[in-house]
Amino acid sequence: MESFLINTLQQLIPINKEDKTIYQDRFQVKHYKKGDFFLQEGQVCKYMGLIESGLMRHYINQDGRERTFSFVNEKRFLCNYESFKTQSPSSRIIQALEDTTVHVATFDNFEYLYDHTRSGDRIGRLVLGMVLIKLEKELTSFYTDTPEQRYQKFIEEYPDLQQRISQYHIASFVGVKPPSLSRIRKRIIENR
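Here's a quick rundown of the structure. Keep in mind that this is a model prediction, so the values were computed, not measured.

With that settled, consider the overall build of the chain. For the chain, the count of helices and strands is 8 helices and 8 strands. Computed over the C-alpha atoms, the radius of gyration of the chain is 18 Å, within 12% of the 16 Å expected from 2.2 N^0.38 for a compact globule of 192 residues. Dimensions of the chain, computed from C-alpha atoms along their principal axes, come out at roughly 55 × 35 × 30 Å. Counting all 192 residues of the chain, 46% fall into the buried class. Considering only residue pairs separated by 6 or more positions, the chain has 69% of its internal contacts joining residues 24 or more positions apart. Within the chain, the 25 negative side-chain charges are centred at a point lying 5 Å from the centre of the 28 positive side-chain charges.

The side chains of a regular strand alternate between the sheet's two faces. Of all the 7 residues making up strand β8 (residues 100-106), 6 are buried; the element is thus mostly covered by neighbouring parts of the structure. Sheet topology places strand β1 (residues 28-32) next to β8; 5 bridges connect them, and they run antiparallel. Residue pairing in the sheet places Lys30 in a bridge with Val102 of β8. The pairing of strand β3 (residues 47-53) with β8 spans 6 bridges and is classified as antiparallel. Residue pairing across strands places Gly49 opposite Val104, the latter belonging to β8.

Let us now look at the nonpolar core. Formed by 35 residues in total, the largest nonpolar core has its most connected members in Tyr23, Phe38, Met56, Leu78 and Val102. Residues contacting Phe38, with those up to four places away along its chain left out, are Tyr32, Cys45, Tyr47, Gly49, Met56, Leu78, Ile94, Val102 and Val104. By size, the runner-up hydrophobic cluster in this structure holds 17 residues, among which are Tyr151, Ile170, Phe173 and Leu181.

Quantified by volume, the largest pocket comes out at close to 470 Å³. If you go around the largest pocket, you meet 23 residues; those closest to its centre are Arg76, Lys134, Leu135, Glu138 and Glu157. Contributing elements (two or more residues each) for the lining of the largest pocket: β5 (65-72), α5 (120-144) and α6 (147-157). In terms of residue count, the dominant contributor to the lining of the largest pocket is α5 (9 residues). Taken together, the residues of the lining of the largest pocket sort by class into 10 nonpolar, 4 polar and 9 charged. Space inside the second largest pocket adds up to approximately 150 Å³. Around the second largest pocket, the lining residues are Ile60, Gln62, Arg67, Thr68, Phe69, Arg92, Leu139, Phe142 and Tyr143.

Position of Ser70 relative to the elements: it lies in strand β5. The class for Ser70 is buried, based on a relative accessible area of 5%. A distance of 2.8 Å separates the side chain of Ser70 from the side chain of Lys134, its partner in a polar contact.

The subject of this paragraph is the pattern of salt bridges. Pairs may arise between side chains of opposite charge once their charged atoms sit close together. Enumeration according to the criterion identifies 9 salt bridges in this entry. Across the pair Lys134 and Glu138 runs a salt bridge whose closest N-O atoms are separated by 3.1 Å. Highlighted residues: Lys134 and Glu138, both in helix α5, separated by 4 residues, approximately one helical turn. The pair formed by Lys134 and Glu138 is uniform in burial state, with each residue classed as buried. The residue Lys153 makes a salt bridge to Asp145 at a minimum N-O spacing of 2.6 Å. In the salt-bridge network here, residues are joined through shared partners; they are Glu74, Glu98 and Arg164.

This part is about the sheet that holds strand β7 (residues 93-96). In spatial order, the strands read β2-β7-β4-β5; together these 4 strands make up an open sheet with antiparallel pairing. The open sheet terminates on both sides in strands that have one partner only, identified here as β2 (37-39) and β5. Neighbour-to-neighbour, the strand axes of the sheet open up by a mean angle of 30°, direction not taken into account. Relative to β7, β2 runs antiparallel, the two sharing 2 bridges.

About the cut-offs
- Residues numbered from 1 in each chain as written.
- Predicted model: local features only at pLDDT ≥ 70, side-chain atom pairs only at ≥ 80, totals over all residues.
- Heavy atoms only, no water.
- Helix = DSSP H or I, 4+ residues; strand = E, 2+ residues; numbered from the N terminus.
- Rg over C-alpha atoms; globule rule 2.2 N^0.38 Å.
- Buried < 20%, exposed > 50% of the residue type's maximum accessible area, 1.4 Å probe, protein only.
- Contact = heavy atoms within 4.5 Å.
- Lys, Arg positive; Asp, Glu negative; His and termini not counted.
- Charge placed at Lys NZ, Arg CZ, Asp CG, Glu CD.
- Pairing = 2+ DSSP bridges.
- Core = buried A, V, L, I, M, F, W, Y, C linked by side-chain atoms within 4.5 Å.
- 1 Å grid on protein atoms, 1.4 Å probe; cavity = no way out; pocket = protein on both sides within 12 Å on 5 of 7 lines; lining within 4 Å.
- Points joined across faces, edges and corners; volume = space filled by probe spheres on them.
- Nonpolar A, V, L, I, M, F, W, Y, C, P; charged D, E, K, R; others polar.
- Polar contact = N/O pair within 3.5 Å; in protein donor to acceptor, adjacent residues only side chain to side chain.
- Salt bridge = Lys/Arg side-chain N within 4 Å of Asp/Glu carboxyl O.
- Axes fitted to C-alpha atoms, helices over the stretch in contact; angles between N-to-C directions.

Shown next, in the form of structure tokens:
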């Protein structure tokens, strides 16, 4: 039986037997408890990860106020690509909202995959493309959509997460305080 990592990567492209062995050797499994940090502000992002179970969020700390701009759950890739690729300190924070299991590869291991597997370059481009597109959409939404539109997009993008994420974090994602989120929800329900 194939591992979670190989099964998920094979949903992107077929992987030959030799490459599967290299992927298994270059990724390790890390466990994060609720509240643990995958990446803290000012640290260099050490890993590109694939979440097997659990939930994390990306946020920034703006003058003491947390601004959530992304949630990452099962079968999704996790990274601050800017920090990871340039090996420079991150302004973003990535934190576990639940106990989370992540398959991670270091920057050097990713470079090794690019150079020593047939599928590495293509998988790398696909994964990084998915990470960057998701990030760009969420950042654009943060600056162009109203809080109500952002909440609607949250419901559409993360339909299974409403029960797993605190109102505080959802409000932070939407860009409002929790009481305002309650009013937005009430208006949406009344308009149905």
